[in-house]
Amino acid sequence: VEVKIEVVIPEKERSKEEMSPNGKASPLVYKVNGTARHYHLEEHPIASNPYHNPKDVVEASVCHVKDLENGQMREVDLGCGKALLIKESGEFHAVGHKCPHYGAPLVKGVLSKGRVRCPWHGACFNISTGDIEDFPGLDSLPRFQVKIEKEKVYIRASEQALQTQRRTKMMAKCISLSNYNLSSTNVLIIGAGAAGLVCAETLRQEGFSDRIVMCTMDRHLPYDRPKLSKSMDSHLEQIVLRPKEFFRTYDIEVLTEMQVAAVDIKNKIAIFKDGLKMEYNKLLIATGNTPKALSCKGKEVENVFNIRTPEDANRVVKLATSKNVVIVGASFLGMEVAAYLAERAHSVSLVELEEVPFKKFFGERVGRAVMKMFESNRVKFYMQTEVSELREQEGKLKEVVLKSGKVLRADVCVVGVGAVPATGFLKQSGINIDSKGFIVVNKMMQTNIPGVFAAGDAVTFPLALRNNKKVNVPHWQMAHMHGRIAALNMLAHGMEINTVPYLWTAMFGKSIRYAGHGEGFDDVVIQGDLDELKFVAFYTKSDEVVAVASMNYDPIVSKVAEVLAAGRTIRKRDVDTAGFFYFFRTGDMSWLTGKGS
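Values in this document were obtained by computation on a predicted structure and should not be read as measured data.

(A) View of the overall build of the protein. Looking only at helices and strands, the protein features 14 helices and 39 strands. By the burial criterion, 55% of the 597 residues in the protein qualify as buried. The contacts of the protein with a sequence gap of at least 6 include a subset with a gap of at least 24, amounting to 64%. Taken as a whole, the protein presents about 25600 Å² of accessible surface, with 46% of it coming from carbon and sulfur.

Here you go:
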């Protein structure tokens, strides 16, 4: 038996290079109080389609057909690139071998029921189509057709597809912007983070060809916000999620530095801070959150930062180099910034009200292990205290005074003491907001107002994993999924959200991966060695595992995420020493899926 794999290129995919029906995007002109305002996207050549040229196809023999058992994956080399060969339920599939998000090797991921899950950050891809099914990331995998002949496996694939290892799903384009009143749109998206972008892309992927307008207070197109604290000196062009020409090609209009001040739900009008009014048919609110500021004396002095933009992150790195840094708050942002600056700054001090970093999220034992790692990298902790004053010299920060009486030298201060949902402009709108300011949505990301959806960090939604408890999950992955579900339900698909929360943090070249929702956990079962920073922590509530975290134990978090995604319950007894190590060593999940409810 011989297996051949070749690229399958739908005719519609081949036409993706063609220009928008509008030709080149024209500047959009709005008139507010008689003043013409121009909004346009810069024009650049469209990136070529990796499947467009059939002459770059290569073919190579990679293995024998009997080399793979059911449930196995193999990374195979074609000379000019690699592919992932998969056998499941007696059938062969082949897709790209790298996760399009950050390039993780999918062969080290988890294969389960027709999809492969990334070992690093949990993105999931359909092995038959290559389509992305869970996030983070925007692109799908290239798919290669498999043919069986004789006893060898051949792969036939496009060189460019093998090299790029990503595929943008086919999208519709707007019929013609010239047909629309420029002060109205079919879909208005407030916010240009992951939720807003995925919503816009999903609408186009589903064939929606009406007008889409996305507005943001930011001055930039959507970018990879987690990198602001994990890779602080990244330039904008390195972290932008889509280039300008992408938005032009698919007629997704982006209005930057535009703030919505109010929403008139009765007349379906968004009112901008500067007076511009825009009518909409469907509305997505994805405004994220606003960082909390310090309330102490001297909070307005220079060189005190919340990390909100690439410019903020770049500026902090520049100011901190060989200087004294004080970070207020042992949050994810605070700890990641401390780790990034530790080897660049002269000193890094971290001030936190709690006794141990991450205690409420990872538990005390994991928190102490992380704290020890930071201390070994010259980060000094000042715990169970707060900032009472920021002192300046010639207008610039000089010292941070703590309530304990300690005075810290400081040339720059980064504040990471939490955030509040950016929903103040909705208070009089009639949209249901809870006591903490979060927008309340159902499983379809719908608010209490027909045609109004909300997504991302600013919402609470029913989490299936926790018996539909209304929760706020401010994770990058979850914002992506919210945006997709909202878009599908704008198109009346009746799709409910059902995903397992997944996050990661990066510190000193190490990552903690986390899946589930551990809020309110009452016990932590730890396997491995915390001192060696090689461990798995299972978070339980009333004998049920509700979340898992790991360091240096990939891909166990992705394995557990797959079990939870299947609707299975993992009991505390299931994560005893014998069962756990069998699970990790063999990858066999039957010991879990055969137990519980």
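That was the structure; now back to the text.
(B) Summary view of helix H8 (residues 332-341). Burial runs high along H8: 8 of the 10 residues are buried. Regarding H8, the residues found buried are Gly334, Met335, Glu336, Val337, Ala338, Ala339, Tyr340 and Leu341.

(C) The sheet that holds strand E27 (residues 396-402), seen in detail. Read from one edge to the other, the open sheet built from 3 strands follows the order E26-E27-E28, with strand pairing classed as antiparallel. Since the sheet does not close on itself, it has two edges, and those belong to strand E26 (387-393) and strand E28 (407-409), each with one partner. Geometrically, the sheet is characterised by an average inter-axis angle of 30 degrees between neighbouring strands, direction not taken into account.

(D) Spatial organisation of the environment of Gln393. With respect to the helices and strands, Gln393 occurs in strand E26. Considered as a pair, Gln393 and Val301 are 92 residues apart in the sequence and their alpha carbons are 9.2 Å apart.

(E) Region of the structure containing the pattern of salt bridges. Applying the stated criterion across every chain, the model contains 24 salt bridges. One salt bridge connects Glu343 with Arg344, and the closest N-O pair in it is separated by 4.0 Å. Residue classification places Glu343 among the exposed residues on the basis of a relative accessible area of 67%. Here Asp523 ties to Lys572 by a salt bridge, and the two come within 2.9 Å at their closest N and O atoms.

(F) Focus on the sheet that holds strand E19 (residues 277-279). The antiparallel open sheet is built from 3 strands, whose spatial order is E17-E18-E19. Across the chains shown, the open sheet's two edge strands, defined by having one partner strand only, are strand E17 (260-264) and E19. Neighbouring strand axes in the sheet, compared pairwise and without regard to direction, differ in orientation by 20 degrees on average. Summarising the sheet, strand E18 (residues 269-272) and E19 pair through 3 bridges and their orientation is antiparallel. Bridging from a neighbouring strand, Ile269 pairs with Glu279 of E19.

(G) Up close: the pairing of strand E25 (residues 379-383). Within E25, 4 of the 5 residues are buried, which leaves the element mostly enclosed by the surrounding structure. Relative to E25, strand E24 (residues 347-352) runs parallel, the two being bridged by 5 bridges. Following the sheet pairing, Leu350 is matched in E25 by Phe381.

(H) Structural detail: the nonpolar core. In terms of nonpolar packing, the biggest core is built from 98 residues, with Leu188, Leu284, Ile285 and Phe461 touching the most fellow members. Every residue in contact with Ile285, bar those within four places of it in the chain, is listed here: Ile190, Phe425, Leu426, Ile431, Ile439, Val452, Phe453, Ala454 and Ala455.

(I) How the structure looks around the state of the cysteines. A complete count under the given rule lists 0 disulfides for this structure. In this structure Cys296 is not part of a disulfide, and its nearest cysteine sulfur, from Cys413, lies 8.1 Å away. Judged by its relative accessible area of 12%, Cys296 is buried.

(J) A look at the packing of aromatic side chains. Under the counting rule described, the total for this entry stands at 14 aromatic pairs. For the ring pair Phe246 and Phe247, a centre distance of 5.7 Å and an interplane angle of 85 degrees mean the geometry is edge-to-face. Assessed through its relative accessible area of 7%, Phe246 is described here as buried. Considering the side-chain rings of Phe332 and Phe361, the 5.2 Å spacing of their centres and the 90 degrees angle between planes classify their relative orientation as edge-to-face. With Phe332 in helix H8 and Phe361 in helix H9 (residues 359-362), this pair connects stretches of sequence that are 29 residues apart. Of the residues examined, Phe332 reaches a relative accessible area of 25% and is grouped as partly exposed. By way of ring pairs, the aromatic residues Phe332, Phe358, Phe361, Phe362, Tyr514, Phe521 and Tyr539 are connected into one cluster. Against the face of Tyr340 rests Arg344, its NZ or CZ located 3.9 Å from the ring centre.

(K) Broad picture of helix H10 (residues 364-375). Here H10 spans 16 Å end to end across 12 residues, near enough to the 16 Å set by a 1.5 Å rise per residue. Every buried residue of H10 is accounted for by Val366, Gly367, Ala369, Val370, Met371, Met373 and Phe374.

(L) Spatial organisation of unusual backbone geometry. Pro136 follows Phe135 through a cis peptide bond whose omega is 20 degrees. If you trace the backbone, Pro136 turns up in the loop between strand E11 (132-134) and strand E12 (143-148). Residues Asp554 and Pro555 are joined by a peptide bond in cis, for which omega reads 0 degrees. Secondary-structure assignment places Pro555 in the loop between strand E39 (544-551) and helix H12 (556-565). Residue Gln384 is not a glycine yet carries a positive backbone phi of 55 degrees. Assignment of secondary structure puts Gln384 in the loop between E25 and E26. Even without a glycine there, the phi angle at Met445 is positive, about 65 degrees. Note on Met445: relative accessible area 0%, which makes it buried.

Rules and cut-offs
The residue numbers shown here count from 1 along each chain, following its written sequence. A pLDDT threshold of at least 70 governs which residues receive local features in this predicted model, and a stricter bar of 80 or more applies before side-chain atom pairs are shown or counted, although totals over entire chains, interfaces and linings include all residues. The side-chain values count all of the structure's non-hydrogen atoms but skip hydrogen atoms and water molecules. Elements are defined by DSSP. Helices are runs of H or I of four residues or more, strands are runs of E of two residues or more, and each kind is numbered from the N terminus. Each residue is placed in one exposure class: buried if its accessible area under a 1.4 Å probe, protein chains only, is under 20% of its type's maximum, exposed if it is over 50%, and partly exposed if it falls in between. In what follows, a contact means two residues having at least one pair of non-hydrogen atoms within 4.5 Å. Methods summary: accessible areas were calculated by the Shrake-Rupley approach with a probe of 1.4 Å, and residue burial reflects only the protein chains presented. By this definition, two strands are paired if DSSP reports at least two bridges between them. A fitted line through C-alpha atoms serves as each axis, taken over the contacting stretch for helices, and the angle formed by two N-to-C directions is quoted from 0 to 180°. Criterion for a salt bridge: a side-chain nitrogen of Lys or Arg within 4 Å of a carboxyl oxygen of Asp or Glu. By nonpolar core we mean a set of buried residues, namely Ala, Val, Leu, Ile, Met, Phe, Trp, Tyr and Cys, connected to one another through side-chain atoms within 4.5 Å. Pairs of cysteine sulfur atoms within 2.5 Å are identified as disulfides in what follows. Each Phe, Tyr or Trp ring (for Trp, its six-membered ring) is paired with any other whose centre lies within 6.5 Å, and the angle between the two planes then decides the class: stacked below 30 degrees, edge-to-face above 60, tilted in between. Comment: the charge-over-ring label is applied if NZ (Lys) or CZ (Arg) is within 6 Å of the ring centre and within 35 degrees of the ring normal. Helix span, expected: 1.5 Å multiplied by one less than the number of residues in the helix.

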